[in-house]
Every structure is written in C-alpha cells, then in structure tokens.
Amino acid sequence: MLWITAEGAFTDPRRRPVTLRPGIAHLVRRMPAALVVPLAVEYPFWDERTPEALMRFGQPFEAAAFAGLPVQDIAAELEERLETVMDQLALDAQGRDPARFLTLIEGTVGVGGIYDLWRRLRALAGGQSFSPAHGSREEDGRQGSSRQGPARQQEMRQEMQQEIEGP
C-alpha cells in the first residue's frame, strides 16, 4: 500500500483545477497490477474548537486500464477522478451532516472552562440536560442525535467493504 500526496504539496481542497505532479502518472503506468483509489481529505470546522477529519474514497480502478497511454493522458484522467471525489466530499462537508459519514473515532466536545460552566448553569436553570457539544440537538430543541449508532455504523462498514471488493 502506498499513499501519495500526488499534488506534490498540501493544498486547499477547493483549489481547482486539480493539478497532479507527473510522478503519479509514471507510477501508475509502470505498475499495471496496482489498484488505484482516489482519496479526498478535508479538515472543516463544524461545531467544535477542533476540526473534523473527513475522507471520501473514490471508485477503485485497475492501473492496467491506462496501459499504453501517454503520461499526460494518464495524469489528466487521474486529476479528473480525484477532482470528482473532492467535489463530492466538499458537498458532504458543506452539508455538515454527520450521518453522511461513518464515524471511526469520536473526539472530545465542548470548549471547557468558564464558557462551558456558563452553558451548564444555563441548562440547569432551564431544567434541561447539559451537553458540551456545540450544535447539539438538545441545545437547539431537536430530539435525538444525528450520529449513527453502532448497528448502522457496522452496516455502513459492510457496504463500504462490498463496494471495494466489487460484485
């Protein structure tokens, strides 16, 4: 397994057009047995003081599909596929809906200190339960949580595995 920042540097995920360094196209051309999987990554700030780490994998494809093509054509195809995955992730990230993602690791929530103490006292005075999470459903009057439960997360993992393995 090889992970590459094919643009040659970390760049803003909204930067278009996506321009990859030629090395990735040469690598794909020389490794026809490789399975190539485009991966988009974003770190948006949603409701907490630390960012979310969001990832979207594109459709896997065989490097052999590019056999005999010039390096420039391979690079153009790789750029297009990566840009498509990046655009899909950007839409999901802007939607700010945790249900669109499979949560692998939960971080901590809340700011802490005097700010969260004030929020806790305000909830207590209003007869409400306190959740340190910003944008929590309790804070804005909605019921329940938009995060997926363990059963749904397991189902999503199985769907992802089936998609990777194919029919």
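Whatever comes next refers back to the structure up there.
Let us look at the structure shown here. Since we're looking at a predicted model, the values are computed, not measured.

### Some details on the environment of Leu39
So, step 1. Tracing the sequence through the fold places Leu39 in strand S2 (residues 39-42).
So, step 2. Linking Leu39 and Gln59, residues 20 residues apart in sequence, is a C-alpha distance of 9.3 Å.
So, step 3. The residues contacting Leu39, other than those within four sequence positions of it, are Trp3, Met55, Arg56, Phe57 and Leu82.

### Here we look at a nonpolar patch on the surface
So, step 1. On the surface, Met1, Trp3, Leu35, Val37, Val41, Tyr43, Met55 and Phe57 cluster together to form a nonpolar patch covering roughly 920 Å² of accessible area.
So, step 2. On the accessibility criterion, Val37 (36% relative accessible area) is partly exposed.

### As for the pattern of salt bridges
So, step 1. In the structure shown here, the tally under the stated rule is 7 salt bridges.
So, step 2. Here Arg81 ties to Glu77 by a salt bridge, and the two come within 2.8 Å at their closest N and O atoms. Of this pair, Arg81 and Glu77 both sit in helix H2 (residues 71-95), separated by 4 residues, roughly a single helical turn.
So, step 3. With relative accessibility at 29%, the residue Arg81 sits in the partly exposed group.
So, step 4. Across the pair Asp92 and Arg100 runs a salt bridge, and its minimum N-O distance is 3.0 Å.
So, step 5. In this structure Asp92 comes out as buried when scored by relative accessible area, which is 10%.
So, step 6. We classify Arg100 as partly exposed; its relative accessible area is 47%.
So, step 7. Here the salt bridges share partners, and the residues they tie into one network are Arg16, Glu83 and Asp87.

Rules used in this analysis
- Residues numbered from 1 in each chain as written.
- Predicted model: local features only at pLDDT ≥ 70, side-chain atom pairs only at ≥ 80, totals over all residues.
- Heavy atoms only, no water.
- Helix = DSSP H or I, 4+ residues; strand = E, 2+ residues; numbered from the N terminus.
- Contact = heavy atoms within 4.5 Å.
- Patch = residues over 30% accessible without salt bridge, like charges linked within 9 Å, V, L, I, M, F, W, Y side chains within 5 Å.
- Areas by Shrake-Rupley, 256 points an atom, 1.4 Å probe, with all protein chains shown as cover.
- Salt bridge = Lys/Arg side-chain N within 4 Å of Asp/Glu carboxyl O.
- Buried < 20%, exposed > 50% of the residue type's maximum accessible area, 1.4 Å probe, protein only.

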